[in-house]
Structures are given as C-alpha cells and as structure tokens.
Amino acid sequence: MRRGVLVRLVAVGLAAAAVASAVAFFVPWLPTPASKQADRIDFVFWFVTGISIAIFALVVAVILYSVVRFRARPDDDSDGAPIHGNTGLEIAWTAFPAVLVTAVAVVSAVALAQNENLPKKHLQVNVLAQQFAWSFSYPKYKGLTVSALHLPLNEAVELKMRSKDVIHSFWVPQFGQKQDLVPGITTKLVITPKRLGTYPVVCTELCGEGHALMRSEAIVMKPTAFASWVKAQERAAAKASQGPSGGGPGLAVFNSNGCSGCHTFKPAGSTATTGPDLDNLPADARRAGKPLSAFVRESIVDPNAYIEKGYQPNIMPSTFKSLPKQQLDALVQFLIGGKK
Ligand code: CUA
C-alpha cells in the first residue's frame, strides 16, 4: 500500500473515531451509577463501546476511501478487474472479530458472575409486585412492610421477588439491573448501594392499564439513618396496633396487600398518590351516596363500582375480592377508623 493511501485512511479513521467518541461521551446515555453492580455494568458498556468505536472508524475509513478512489467515471463502461479475494485479509477479518467477541463474552461473564455473587452478610428484602404497586418487606425486622425500598449504604441486599398476578419487572436505572417478577417463581437480585440518594423504582414490563403508574422509590440511607428509620417504623406499627381503630390486623392487611403503594392514609403512614387519599373516605362515601362501611367494602372488592373524580377505572387491582373475610373485615375496620 502506498504511503499516501495509508495517511488518508488513518486521517479519515481518526475523524470518524472523533465523531463517534463525541457522541458516546458527551451524550449522557447512562445515569450515574449508585451501586457496585451498576459500576460493573458500566465497565462492560464502555468496553464494548470502545471496541465499537474502533471498528466503526476502520469501516468508515475503508468505505470512504473506496467510494472516492474506485468510483466509476461517467464515461467508464469497462468491467472491473477480476479479483479473487485475498486470503490474508480473509483470515484477519475472521480471526480478529472472533477474538473481540470472545473478549466481550469473557468480560460480560465475569461482570455477571460478580453481580450475582451474594456475600454471607447481607440484608434480605422480599419484594411483592402486583397490578400496580410494589411492596417491600424486611424479614429481619419482623416482616416490616413498606411501599418504598429503603436500603442502607454499602450493605449487600438480596431482593427476593414475587408477583401476585402477571409478569412485572423491577428496575432502578441507577442500580443498572433489571429483573422480571414472574408469577409462581421467586426471582432474585443482588444490590450493593454505594451512593446516598433517592432513585426511582420503575416497572419495566407492560403489565396492564396502570403499568405507567407502577412506580416507587429506592432510598439509600446512611446505616445509622436506616437503623433509626427501622425503629420509627416499628414504633409506628406498634402504636397503630394499639389504636382505637384496631389498626393491628387491619394495618398488616393494608401493608401486605400493597395498599400503601398507591394510597395516602395517615394511620398507616403512607403518602402515595396513585389512588385516592383514604383520609377522605367519609367525604367520598357521601358523594357516592352510600354508608361509609358499605362504601369502603365495595370499593375494595369491586373497585370500579364508584370512581372518585380525577381518577380512572381499572387502575386498582380487582383481585382483593379473594381476600379472606376475616382480613377484609379487619381492613374495612382499619380504614373507617371506628366511624360508621
Ligand atoms: Cu407492573 Cu408494569
């Protein structure tokens, strides 16, 4: 190859690499990682991106050079030269990609194995997904159940995830991982949070009409703040169980069925806004023209019977009609809080 050709190829290749690198680095494709697993995923991403930029530059250089150098002149009707391949080139373009693909596979496999590795000392959180809410419970803390995922910084957490109805998928972009929740089986995910903050929990599997509303939060706290949060939750639960509303069993039903994932209700300490604010139930019952207790019961077992203004039908799960009567009674009692 003449020296001038090589210089031109390299120049075009460098220009293409510069453009591709600018697109890769100056567009914020990925959120800032907030877990050790996300760091490893980012490493694989940039490893593959680096290889892609190099190959892109090579291909663009060869294509542009060939288009210019070997273009047919307007009056050129002659046949092309009879070329029968180039054994050296063919070996190179087979072997080189094989090496690259193997490298990508090895790097990915190592990252995946490390991300699935669960240290002996870890916190377990049980995740329950249902149309269209998340609930998170902590076996270590007497089954404490909440609608936002609270995690201590730098401690490995194992999520054991189940779905009550259809396939959902757990995703916190800053944690870098996605995992489906499939009815009938328990799936797992290991997270080691490394950055304080509040991140979105997103359902990333189309699971029904309320899919877009199936959101929560992952809150990474300092270990001391996490410990006092747990204490405060336990105190609140103990207080509710002694309250005049008989919150104990009712509160447990409320939390374990994910009600707190969608509704604000002061006695339960929940602040979600997907569904109507349950502190306003007496007023809602009046608007619906029904006695409070009957209205609340109907709204649980047949959510579409009355839709509060500003909300849509078919968002609340209609699965609660299968609640055992005892649990349903306790829940209704808890929600009406001793009122008639
Ligand atoms: Cu659950 Cu989408």
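So, a few notes on the structure that sits alongside this text. Since we're looking at a predicted model, the values are computed, not measured.

1. What to know about the overall build of the protein
- Looking only at helices and strands, the protein features 8 helices and 12 strands.
- In summary, the protein has a C-alpha radius of gyration of 29 Å against a globular reference of 20 Å for 340 residues, an excess of more than 25%.
- A principal-axis box enclosing the C-alpha atoms of the protein has dimensions of 95 × 50 × 35 Å.
- Within the protein, the proportion of its 340 residues that are buried is 39%.
- Within the protein, residue pairs in contact and separated by at least 24 positions form 64% of the contacts whose partners lie at least 6 positions apart.
- Of the roughly 19500 Å² of accessible surface on the protein, a fraction of 62% belongs to carbon and sulfur atoms.
- Looking at the protein, you have 34 positive and 23 negative side-chain charges, and the mean spots of the two groups are 10 Å apart.

2. Overview of the side chain of E158
- Summarising the element assignment, E158 is placed in strand 5 (residues 157–163).
- Summary of buried charges: E158 has no salt-bridge partner, and the nearest side chain of opposite charge, K188, is 4.1 Å away.
- Those residues in contact with E158 that sit more than four places away from it in its chain are L118, H122, L123, Q124, V125, K188 and L189.

3. A few points about the pairing of strand 7 (residues 178–181)
- Relative to strand 7, strand 6 (residues 168–171) runs antiparallel, the two being bridged by 4 bridges. Directly across from S169, in strand 7, lies its bridge partner D180.
- In sequence, strand 6 turns back onto strand 7 through a hairpin of 6 residues, with G176 there showing a positive phi of about 80°.

4. Notes on the state of the cysteines
- Applying the stated criterion across every chain, the model contains 0 disulfides.
- A disulfide-free cysteine, C262 has its sulfur positioned 8.6 Å from the sulfur of C259, the nearest such atom.
- Relative accessible area serves as the criterion here: at 13%, C262 is assigned to the buried category.

5. Concerning the sheet that holds strand 10 (residues 215–221)
- With mixed pairing, the 5 strands of this open sheet are ordered in space as 4-10-9-6-7. The two strands at the open ends of the sheet, each matched to only one other strand, are strand 4 (149–152) and strand 7. Recorded for the sheet is a direction-independent mean angle of 25° between the axes of neighbouring strands.
- By the bridge criterion, 2 bridges tie strand 6 to strand 9 (residues 197–203) in an arrangement that is antiparallel. Each residue of the ladder has a partner; that of F170, found in strand 9, is C203.

6. Regarding the packing of helix 6 (residues 281–288) against helix 7 (residues 292–301)
- Two elements in contact, helix 6 and helix 7, have axes whose closest approach is 9 Å; the angle formed by their N-to-C orientations is 90°. By the angle between their directions, the pair helix 6 and helix 7 is classed as roughly perpendicular. Between helix 6, through L281, P282, D284, A285 and A288, and helix 7, the contact on the second element is made entirely by L292, F295 and V296.
- Per-class residue counts for the contact of helix 6 with helix 7 are 7 nonpolar, no polar and 1 charged.

7. Overview of the pattern of salt bridges
- Evaluated as defined, the whole model comprises 7 salt bridges.
- Notably, a salt bridge pairs D39 with K194, separated by 3.0 Å at the nearest N-O pair. Linking D39 in helix 2 (residues 36–69) with K194 in the loop between strand 8 (187–191) and strand 9, this pair joins segments that are 155 residues apart in sequence.
- For K194, a relative accessible area of 33% translates into the label partly exposed.
- Among the ionic pairs, E308 bridges to R287, the shortest N-O distance being 2.8 Å.

Conventions and cut-offs
Residues numbered from 1 in each chain as written. Predicted model: local features only at pLDDT ≥ 70, side-chain atom pairs only at ≥ 80, totals over all residues. Heavy atoms only, no water. Helix = DSSP H or I, 4+ residues; strand = E, 2+ residues; numbered from the N terminus. Rg over C-alpha atoms; globule rule 2.2 N^0.38 Å. Buried < 20%, exposed > 50% of the residue type's maximum accessible area, 1.4 Å probe, protein only. Contact = heavy atoms within 4.5 Å. Areas by Shrake-Rupley, 256 points an atom, 1.4 Å probe, with all protein chains shown as cover. Lys, Arg positive; Asp, Glu negative; His and termini not counted. Charge placed at Lys NZ, Arg CZ, Asp CG, Glu CD. Salt bridge = Lys/Arg side-chain N within 4 Å of Asp/Glu carboxyl O. Pairing = 2+ DSSP bridges. Disulfide = S-S within 2.5 Å. Axes fitted to C-alpha atoms, helices over the stretch in contact; angles between N-to-C directions. Parallel < 35°, antiparallel > 145°, perpendicular 65-115°, else oblique. Nonpolar A, V, L, I, M, F, W, Y, C, P; charged D, E, K, R; others polar.

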